[in-house]
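Coordinate analysis (summary)
Spelled out from the first residue to the last, the chains are:
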Protein chains: 2
Amino acid sequence: MAVTIKELSAACGLSISTVSKALNDYPDVSAETRELVRATAAKLGYRPSAIARGLKIGRTFNLGVLYSDDSESGFTHNYFAPILEAFKSEAERRGYDITFITHHTDHNSMTYLQHCLYRNVDGVCIVNCHFADPEVTDLLSGPLPVVTIDHMFHNRSCVESENRQGMTQLTQYILSKGHTRIAYICGDENAVTNIRRTSFLRTMQEAGLHVPQQYLIASRYHHPAAAREATAQLLSLPERPTCIIMADDYAALGGLEAIRDAGLRVPQDISVAGYDGVAILQMCRPQLTTVRQDTQRIGQAAARKLVHLIEQPRTTFQEIISIPCSLLPGGTVGPVPDQPSSI
Amino acid sequence: MAVTIKELSAACGLSISTVSKALNDYPDVSAETRELVRATAAKLGYRPSAIARGLKIGRTFNLGVLYSDDSESGFTHNYFAPILEAFKSEAERRGYDITFITHHTDHNSMTYLQHCLYRNVDGVCIVNCHFADPEVTDLLSGPLPVVTIDHMFHNRSCVESENRQGMTQLTQYILSKGHTRIAYICGDENAVTNIRRTSFLRTMQEAGLHVPQQYLIASRYHHPAAAREATAQLLSLPERPTCIIMADDYAALGGLEAIRDAGLRVPQDISVAGYDGVAILQMCRPQLTTVRQDTQRIGQAAARKLVHLIEQPRTTFQEIISIPCSLLPGGTVGPVPDQPSSI
DNA sequence: AAGCGAGTCTAAAACGATTTCGATAAATCA
DNA sequence: TGATTTATCGAAATCGTTTTAGACTCGCTT
């Protein structure tokens, strides 16, 4: 099918070894033969087979990406998809392809680690996983270079979005608009949620404000229906909040729906904020006030770090790379409405 | 690193050949040794290396995906991302991983075909490409099994979204609302655009309606700014349309913005329709009237067809698989406004 | 003239699997 | 009993590379 090194060597009238060395810049090959090999290789469109090469040198220039989310949204996930895109672009720029690591749920199922070894990936990036899953911890404590995103694991490199700073900034912005009764619909229980929740609570506390228990609702990430329900719950409180922070932008759509259902206007009657900074939603009206996570830099940094860990394992140290968030002041957080909320 | 067949054979006290045969269900190995091998393989977590295996048997169980769009949106593209997701899921269910085919723009750049051969993919799915690109036609006429999406190529299998039916249905729906002055902002010139445009024009013609030349604007796909400009142009016409069909949902956001800029309301003053049926936008308000393309079925059918072409090359024939679209009647197409348009 | 280093090249052994073919032992047959 | 089949296993070639170790030709030194 493809032209092999054997055919190339025959075309050059040289041995296989010489051809290989000419292509790999070995010193013990004359300049003219190197040129000859280079030229005929280009003419024949020769490329060394990645699998044969990989078998020999123990490197495949393939990066594993372990990504699985509850909502099965995959590439359509509006926070992780752009991260994956940035990761992929950066990896490709450095000569790596990517392979998605899964269970291969059907006939021959394998663990994540087995899949990585099976495909001989040089390293793996773990995104949005159940980090408590024993298969994931197996992989994390396995032999491969690993970079995680938004989750720290003992002695492993991690790229994290600065959720503490982001949530603090958002809360302060809302406070600056005069709000005091701010509710927060968190996502599921996990590391990111914890950081955001404590950051929110701390900022409120520093402002001398109390957050009643009913204002803090555990919901689900990336799940508009759940947010809708939680919002409806908040709206039915005797003293309802004047602003609600949603778990994420996508969930916020559900929240907005509940508010419409209740016949209220945003932001005149109640304010709403999201989290993520989903690009497409910034083009919609009302334009969501939210916190943009820098998915481009996150994905890029992860790929870069992983490649470093692979290519310079001695000199590269494990580290936590923090990528700052930025406030996107849209139109859904307004000043506090004059009239007190209804009973 | 990973346990090899050599170590496994040592652990079993058998030769490499016997172990391999035991795992591959060869008849000339006793039931008890087969069980022994199976058991120890499971205990050691042995998996044959995909690259070693691929090198020998000439199959990698890897599918190439050639995907490149002008807007560089990658995984965040809201029509192609769900197709890729469905394709990937179906491929994985059948034991295949996927590899994205690119130029590897940096140090060592190669053609698409070279990249496919370099990675030894068993087949390739081509999505959203410049099908006129010589590199793409090279690949299309190359030795590998190929499935294309939304673009027919001589003697190759293709999965296409039924744009003719979809656009006809949309136009008829708009007509049923009483509109007669309907404008269409097309995407870039390509096969899909042609089908949609002729389908639109034919439906209008069958309804006995004339479409003035100014009502047909060539714009860009997936480009809100371009749609915004085109819409502004339409709105400034002496006799402006009462309904505008946008190239796609994403572009429609730009169109809606231009309409807001002009101080008009949707759908009271003017109606708008999109195309694609982007899921997240169906949760926003106004809810876009649009045509849903069945990305799930498209991606799944493509993967299925490709795997068939690979696994049963003799009995599988080239074919065109059409996936129907469905109308999503949102809230952006209303009845024709009473008053004649301004000026 | 013999020896020595460069300078070039090639033969051959890997890498981890699959597969062909032959070897051995046991079992069957004449 | 000797020959032949049958069942089970292993040796070795192979896939397309890389890489080590060695071979050969020069020209130069002594």
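Below is a summary of the structure that appears in this document. Not measured: the values here are computed from a predicted model. (Residues numbered from 1 in each chain as written. Chains lettered and ligands numbered in written order. Predicted model: local features only at pLDDT ≥ 70, side-chain atom pairs only at ≥ 80, totals over all residues. Heavy atoms only, no water.)

**Quick word on the pairing of strand E3 (residues 123–127) of chain B**
All names here are of chain B. Where we set the bar: When accessible area is computed with a 1.4 Å probe and restricted to protein chains, residues below 20% of their type maximum are described as buried, those above 50% as exposed, and intermediate ones as partly exposed. Think of it this way: any DSSP run of H or I at least four residues long counts as a helix, any run of E at least two long counts as a strand, and we number them from the N terminus. Being paired, for any two strands, means DSSP has found at least two bridges between them. Seen with its strands pointing away from the viewer, a crossover is right-handed if its path from the first strand over the helix to the second goes clockwise.
Of all five residues in E3, five are buried; the element is thus mostly enclosed. By the alternation rule, side chains of E3 split into Gly123, Cys125 and Val127 and Val124 and Ile126, which are all buried. Examined bridge by bridge, strand E1 (residues 62–67) and E3 share five bridges and lie parallel to one another. Counted as the bridge partner of Val65 is Cys125 from E3. Here E3 pairs with strand E4 (residues 146–149) via four bridges, running parallel. By the bridge assignment, Cys125 is partnered in E4 with Val147. A crossover connection joins E3 to the parallel E4 through helix H7 (residues 134–140); in handedness this β-α-β unit is right-handed.

**Notes on the environment of Leu139 of chain A**
Condition: Pairs of residues are marked as contacts when any of their non-hydrogen atoms sit within 4.5 Å.
For Leu139 of chain A, the position within the fold is in helix H7 (residues 134–140). Other than its neighbours up to four places away in sequence, Leu139 of chain A contacts Leu66, Tyr112, Leu113, Cys116, Val124, Ile126, Leu144, Val146 and Arg156 of chain A.

**Considerations on the pattern of salt bridges**
Put simply, the rule is: When a carboxyl oxygen of Asp or Glu lies within 4 Å of a side-chain nitrogen of Lys or Arg, that pair is called a salt bridge.
If you walk through the whole model with that rule in mind, you get 34 salt bridges over all chains. Asp261 of chain A serves as the salt-bridge partner of Arg228 of chain A, at 2.7 Å between the closest nitrogen and oxygen. Here the residue Arg228 of chain A occupies a position in helix H10 (residues 224–235), and Asp261 of chain A occupies one in helix H11 (residues 249–261), the gap between them amounting to 33 residues. Arg292 of chain B is paired through a salt bridge with Asp294 of chain B; the nearest N and O atoms lie 3.9 Å apart. Put simply, Glu90, Arg93, Arg94 and Arg304 of chain A are held in one network by salt bridges that share partners.

**A closer look at the protein's contact with DNA strand D**
Keep this limit in mind: Any residue with a non-hydrogen atom lying within 4 Å of a molecule or strand is treated as near it. Under this definition, polar contacts are N or O atom pairs within 3.5 Å; protein pairs additionally need one hydrogen-donor-capable and one acceptor-capable atom, and for neighbouring residues in sequence, both atoms have to be side-chain atoms. Classification convention: Asp, Glu, Lys, Arg as charged; Ala, Val, Leu, Ile, Met, Phe, Trp, Tyr, Cys, Pro as nonpolar; all other residues, Gly among them, as polar.
Close to DNA strand D lie 27 residues, the nearest being Ile5, Tyr26 and Lys56 of chain A together with Thr18 and Lys21 of chain B. Near the protein, within 4 Å, the atoms of DNA strand D are sugar or phosphate in 57% of cases. Between DNA strand D and Tyr46 of chain A there is a distance of 3.2 Å, counted from a sugar or linking oxygen to a side-chain nitrogen or oxygen. Contact between DNA strand D and Thr18 of chain B: a phosphate oxygen at 2.5 Å from a side-chain N or O atom of the residue. For the surface near DNA strand D, the elements supplying multiple residues, two or more each, are helix H2 (16–23) and helix H4 (50–57) of chain A together with helix H2 (16–23) and helix H4 (50–57) of chain B. Classifying every residue of the surface near DNA strand D by side-chain character gives ten nonpolar, ten polar and seven charged.

**Description of unusual backbone geometry**
Each neighbour pair has its own omega, and for Arg285 of chain A with Pro286 of chain A the value is 0°, a cis peptide bond. Inspection of the secondary structure puts Pro286 of chain A in the loop between strand E9 (271–273) and strand E10 (290–292). Here Val266 of chain B and Pro267 of chain B are connected by a cis peptide whose omega angle stands at 5°. Examined against the element boundaries, Pro267 of chain B turns out to sit in the loop between helix H11 (249–261) and strand E9 (271–273).

**As for the interface of chain A and chain B**
This is how it is decided: Summed over both partners, the accessible surface that disappears when two parts come together, traced with a 1.4 Å probe, is what is meant by buried area.
Each partner contributes residues to the interface: chain A has 58 residues there, and chain B has 58 residues. At the boundary of chain A with chain B, total buried surface from both sides reaches about 5300 Å², with 62% on carbon and sulfur atoms. Among the residues of chain A in contact with chain B, Arg47, Ile51 and Phe75 of chain A are the three that bury the most area, contributing 14% of the side total. Seen at the junction of chain A and chain B, the total is four salt bridges. The residue Arg285 of chain B makes a salt bridge to Glu257 of chain A at a minimum N-O spacing of 3.7 Å. Residue assignment for the side of chain A that touches chain B shows that the elements contributing at least two residues are H4, helix H5 (80–93), strand E2 (97–101), helix H6 (112–119) and H11 of chain A. The element that contributes the greatest number of residues to the side of chain A that touches chain B is H5 of chain A, accounting for seven residues. Taken together, the residues that form the side of chain A that touches chain B break down as 27 nonpolar, 19 polar and twelve charged.

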